[in-house]
Amino acid sequence: MVNIAVLGYGTVGSGVVEVINTNHDNINKRAGKEINVKYVLDIRDFEDDPVQKILVHDFDVILKDPEVDIIVEVMGGVDPAYTFTKQALEAGKSVCTSNKELVAKHGAELLALAKKNKLNYLFEASVGGGIPIIRPLNSSLTADDITEITGILNGTTNYILTEMESKGAAFEDVLKDAQEKGYAERNPEADVEGYDACRKIAILTSLVCGEQVDYEDIHTEGITKLTETDFKYAKALNASIKLLGTSKKIDDTFYSMVAPVMIGKNHPLIGVHGVFNGIFVHGNVLDDVMFYGRGAGKLPTASAVVSDVVDAVKHMNTNIMTIWEEKKNRLGKFEDFKNKFFVRMRDKGLDDDQMLDIKNAFGNVLYVKAPDVQDELAFITEPIREGDFVENIKGLSDVLSVVRVDF
Ligand code: HSE
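All values derive from a computational prediction rather than experimental measurement. (Residues numbered from 1 in each chain as written. Predicted model: local features only at pLDDT ≥ 70, side-chain atom pairs only at ≥ 80, totals over all residues. Heavy atoms only, no water.)

So, about the overall build of the protein. What the protein contains, in helices and strands, is 14 helices and 19 strands. For 407 residues, the compact-globule formula gives about 22 Å, and the C-alpha radius of gyration of the protein, at 23 Å, lands near that figure. Expressed as lengths along the three principal axes of its C-alpha atoms, the size of the protein is roughly 80 × 45 × 30 Å. Per-residue burial over the protein gives 54% buried out of 407 residues. Long-range contacts, defined here as pairs at least 24 residues apart, represent 73% of the contacts in the protein between residues at least 6 apart. Here the protein displays about 18,400 Å² of accessible surface, and carbon together with sulfur accounts for 48% of that area. Each charge class in the protein can be summarised by its mean position, and for the 45 positive and 64 negative side chains these summaries are 2 Å apart. (Helix = DSSP H or I, 4+ residues; strand = E, 2+ residues; numbered from the N terminus. Rg over C-alpha atoms; globule rule 2.2 N^0.38 Å. Buried < 20%, exposed > 50% of the residue type's maximum accessible area, 1.4 Å probe, protein only. Contact = heavy atoms within 4.5 Å. Areas by Shrake-Rupley, 256 points an atom, 1.4 Å probe, with all protein chains shown as cover. Lys, Arg positive; Asp, Glu negative; His and termini not counted. Charge placed at Lys NZ, Arg CZ, Asp CG, Glu CD.)

What follows is the structure, given as structure tokens:
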């Protein structure tokens, strides 16, 4: 029997206990040993829940119990999760987590500590919820030079964008509806400003390049400026607007960003709707591969955490090698990243003058129209350096919106 302890009895923690109870026969068969939840740590009490019998409030009880081999850290946030994880790994206990903040910030260090102590630090659920992506990157896609990883990595924003697109609704209205349905937090900042997706693409890029990618270095834009009119143009172009986290390797340098991007009907992520996530990977020999599923939610996320527990049981006293060194990866300068841009401007009725300004700023562009949209000029540029775009757009007045384009 292997004893585990679950730190945090919130949505994911209670999901972990539920998954282990529901699928215990299958899980134990696959692990080769019976998995027993010996403790759950939480500051709260749960009087009406059977978990109360194994509930503890003091982490030291778990830390000092030599019968506990694996710790499931599903508390979220950096502190005290970081301290508890380090103490656990120092005390000879492997750790499985869904904590993207902690993995993004200290993943390399915690992996090194786990390796030193012949233990494991596993974090499948930190990116893409229930979607297997960390283990595939670590063990299946090892024959390739991965030159792109791009994902719809946040369910809340994908739900909002899908609703804006299908209902022609405004961002604020859809956000309110998403909050009422429980798809968005009361404080939605981390999701709608792209911070959550940023941490996830930082983790994925670190695994792809094998070095520490700091999320602070990744250019991040959210979805709050998108309007119904942007979606009208997207529809006219047979395209969609998605919040993408992307890293592309160009001449041995990774360029990363999180931003809304207009993608065309042939893009692999075009069919990822609602709260679902999708992650697209391009390898130099494999070509394209896609991972799709529920990127959040109690049971899908718990499924990924428990799959890590099974892996940790199968690799007791053996470190599963993960290449993610503490050495910092210097991302390419964002200003040098090249993208195409969709730009909307107010049409001042001075066609020739305005078009001359646009030509002076961006050379030849593709003008686009959308039904029901009047008094606007809209166009798509050729690929241009981000730095040049920022400079050249200054030459235009009355710009209404800007969205990157990938088609
Ligand atoms: N708020 C996140 C999302 C939860 O919407 O994807 C999963 O990380």
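Now, onward.
Moving on, we get to empty space enclosed by the protein. Across all of its chains, the model carries one cavity of 30 Å³ or more by this definition. Together, Glu148, Thr150, Leu244, Thr246, Lys248, Met257, Val261, Phe337, Asn339, Arg404, Val405 and Asp406 line the largest cavity. Of all elements in the fold, only strand E7 (146–152), strand E10 (239–250), strand E11 (253–264) and strand E19 (399–406) reach the threshold of two or more residues within the lining of the largest cavity. A per-class count over the lining of the largest cavity returns five nonpolar, three polar and four charged. Of the residues that make up the lining of the largest cavity, three or more belong to each of domain 2 (134–294) and domain 3 (334–406). (1 Å grid on protein atoms, 1.4 Å probe; cavity = no way out; pocket = protein on both sides within 12 Å on 5 of 7 lines; lining within 4 Å. Points joined across faces, edges and corners; volume = space filled by probe spheres on them. Nonpolar A, V, L, I, M, F, W, Y, C, P; charged D, E, K, R; others polar. Domains from an automatic or database assignment.)

Once that is clear, we can look at the nonpolar core. Ranked by size, the top nonpolar core spans 82 residues in total, and within it Ile62, Ile160 and Leu204 carry the most contacts. With sequence-adjacent residues up to four places away left out, isoleucine 62 is seen in contact with Ala5, Leu7, Tyr39, Leu41, Val56, Val68, Ile71 and Lys93. Of all hydrophobic cores here, the second largest spans 32 residues; its members include Val2, Phe46, Val51 and Ile320. (Core = buried A, V, L, I, M, F, W, Y, C linked by side-chain atoms within 4.5 Å.)

With that out of the way, let us pick up the packing of aromatic side chains. For the coordinates displayed, the defined rule picks out 13 aromatic pairs. Look at phenylalanine 59 and phenylalanine 84: their rings are 4.1 Å apart centre to centre, the planes differ by 20°, and that puts the pair in the stacked class. Remark: phenylalanine 84 occurs in helix H4 (residues 81–90) and phenylalanine 59 occurs in helix H3 (residues 59–63); sequence separation between them is 25 residues. For phenylalanine 84, a relative accessible area of 16% translates into the label buried. Taking the centre distance of 5.9 Å and the plane angle of 50° together, the rings of tyrosine 121 and phenylalanine 123 count as tilted. The exposure classification of tyrosine 121 matches that of phenylalanine 123, with both residues buried. (Phe/Tyr/Trp six-rings, centres within 6.5 Å; stacked < 30°, edge-to-face > 60°.)

The calculated volume of the largest pocket comes to roughly 1,200 Å³. Forming the walls of the largest pocket are 43 residues, and the residues nearest its centre are Val12, Lys100, Glu185, Ala296 and Gly297. Among the elements of the structure, helix H1 (11–22), helix H5 (100–116), helix H7 (155–167), helix H9 (189–192), helix H10 (195–209) and helix H12 (298–314) are those that each provide at least two residues to the lining of the largest pocket. When residues of the lining of the largest pocket are assigned to their parent elements, the largest contribution, four residues, is made by H10. For the lining of the largest pocket, the class distribution of residues is twelve nonpolar, 20 polar and eleven charged. Both domain 1 (2–129 + 298–323) and domain 2 (134–294) contribute no fewer than three residues apiece to the lining of the largest pocket. What lines the second largest pocket is a set of 20 residues, and nearest its centre among them are Glu221, Lys225, Pro260, Val402 and Arg404. Going through the elements one at a time, helix H14 (386–393) and E19 are the ones with two or more residues in the lining of the second largest pocket. Among the elements that line the lining of the second largest pocket, the one with the most residues is E19, at five residues. For the lining of the second largest pocket, a count of residues per class yields ten nonpolar, four polar and six charged. Taken domain by domain, the lining of the second largest pocket gets at least three of its residues from each of domain 2 (134–294) and domain 3 (334–406).

This brings us to the domain arrangement of the protein. According to the domain assignment, the protein contains domain 1 (2–129 + 298–323), domain 2 (134–294) and domain 3 (334–406). The gap between the C-alpha centroids of domain 2 and domain 3 is 23 Å. Taking both partners together, domain 2 and domain 3 bury about 1,800 Å²; carbon and sulfur atoms supply 68% of that area. For domain 2, the biggest contributors to the area lost against domain 3 are Tyr233, Tyr255 and Met262; these three give 34% of the whole. The partner of arginine 404 in a salt bridge is glutamate 221, and the shortest N-O contact between them spans 3.0 Å. Seen at the junction of domain 2 and domain 3, the total is seven residue pairs in polar contact (both at pLDDT 80 or more). Take the side of domain 2 that touches domain 3: its biggest share by element is nine residues, from E11. Here the side of domain 2 that touches domain 3 is composed, by residue class, of 13 nonpolar, six polar and four charged. (Buried area = accessible area lost by both parts, 1.4 Å probe. Salt bridge = Lys/Arg side-chain N within 4 Å of Asp/Glu carboxyl O. Polar contact = N/O pair within 3.5 Å; in protein donor to acceptor, adjacent residues only side chain to side chain.)

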